[in-house]
Amino acid sequence: VAMRALALGFRACVAAAISSSSGRRCGVVVVLVRHPLPDAHPCIAEIAKIGHFATTLMQTREYIARARKADTQLAGLAATVPGVLYQRVVRPNGEIRYTYISENAFDLFGVTAERILNDPEALFQSYSADYRQSFRQKLLQASKDLTLWDVEATIVRPDGKVRYTHAIAKPTREPDGSVIWTGVILDATRIKEAELMASAAETRTRKAIVESLSQGLLMFNK
């Protein structure tokens, strides 16, 4: 490079390191001049600032591109799950907020993901009355103990349709005392309905057997 510069008539150069926003050295600005500059430091310092700005801008754009790619991948993954992916935060004061919930929320709860993010009560109200009464206390206790959330619940959508869910989530405590829950709420409706049908069929079979007997039948627990 030096020989090439000399061949082109340059007789001096000034240089300054370029640092990223994190302070890591990531390049050097080199200015070639045909005549030595008696006071080149202010000039090269300004050029280094421009280089630093350009480097920071490039890193920011790369970060945004990676974040968008990650969001696209997450949305694609969430679309394949028979239920919803979610992340919620339980604050030390007991406040419960959702920071992420996949778009499948509407299919399961009959409430849009946007509405749940703005108002978690929109989701809580879809739970059956008996479960809703104990949900908050169970979640606060699990957040205190950092125990795995593994809960089955019945959902009643605004349109009256009933859904059965199985939620599994893992807690992580933050430095400020908040607990972040990351998990999935699976739609277990088909499985639950199959179990209920099987139980009903078994009951009908037993009743038919009993009614077909010509003699009395007594059943008791010892």
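Residues numbered from 1 in each chain as written. Predicted model: local features only at pLDDT ≥ 70, side-chain atom pairs only at ≥ 80, totals over all residues. Heavy atoms only, no water.

Enquirer: Explain the overall build of the protein chain here, please?
Expert: Helices and strands together make up the secondary structure of the protein chain, namely seven helices and seven strands. Each helix and strand of the protein chain, placed in order from N terminus to C terminus, yields the pattern α-β-β-α-β-β-α-α-α-α-β-β-β-α. Scored against the burial criterion, the 222 residues of the protein chain give a buried share of 30%. A separation threshold of at least 6 residues defines the contact pool for the protein chain, and within that pool the share at least 24 residues apart is 45%. By element, 58% of the accessible surface of the protein chain is carried by carbon and sulfur atoms, the whole surface being about 15,500 Å². (Helix = DSSP H or I, 4+ residues; strand = E, 2+ residues; numbered from the N terminus. Buried < 20%, exposed > 50% of the residue type's maximum accessible area, 1.4 Å probe, protein only. Contact = heavy atoms within 4.5 Å. Areas by Shrake-Rupley, 256 points an atom, 1.4 Å probe, with all protein chains shown as cover.)

Enquirer: How should the side chain of Ser143 be read in this particular structure?
Expert: By the element assignment, Ser143 lies in helix H6 (residues 129-145). Setting aside its immediate chain neighbours within four residues, Ser143 contacts Val90, Arg173, Val179 and Trp181.

Enquirer: Help me understand the packing of aromatic side chains in this model?
Expert: Geometrically, a pair of aromatic rings is defined through the distance of the ring centres and the angle of the planes. In total, this model carries eight aromatic pairs according to the counting rule given. When the ring of Phe124 is compared with that of Phe135, the centres are 5.2 Å apart and the planes differ by 45 degrees; the resulting orientation is tilted. In this pair, Phe124 sits in helix H5 (residues 121-124) while Phe135 sits in helix H6, placing the two residues eleven residues apart along the sequence. Side by side, Phe124 and Phe135 carry an identical accessibility label, which is buried. Three or more aromatic residues link up through ring pairs in this structure, and these residues are Tyr86, Tyr98, Phe124, Tyr127, Tyr131, Phe135, Trp149 and Trp181. The cationic tip of Arg88 hangs over the ring face of Trp149; the distance from NZ or CZ to the ring centre is 5.4 Å. (Phe/Tyr/Trp six-rings, centres within 6.5 Å; stacked < 30°, edge-to-face > 60°. Lys NZ or Arg CZ within 6 Å of the ring centre and 35° of its normal.)

Enquirer: Which parts of the structure should I look at to understand the side chain of Thr165?
Expert: Inspection of the secondary structure puts Thr165 in strand S6 (residues 162-173). Residues in contact with Thr165, not counting those within four places in the same chain, are Leu108, Val151, Glu152, Ala153, Ile155, Ile185, Leu186 and Ala188.

Enquirer: Which parts of the structure should I look at to understand the pattern of salt bridges?
Expert: If the charged atoms of two oppositely charged side chains come close together, the side chains can form a pair. The tally for this structure, following the rule as stated, stands at one salt bridge. The partner of Arg157 in a salt bridge is Asp159, and the shortest N-O contact between them spans 2.7 Å. (Salt bridge = Lys/Arg side-chain N within 4 Å of Asp/Glu carboxyl O.)

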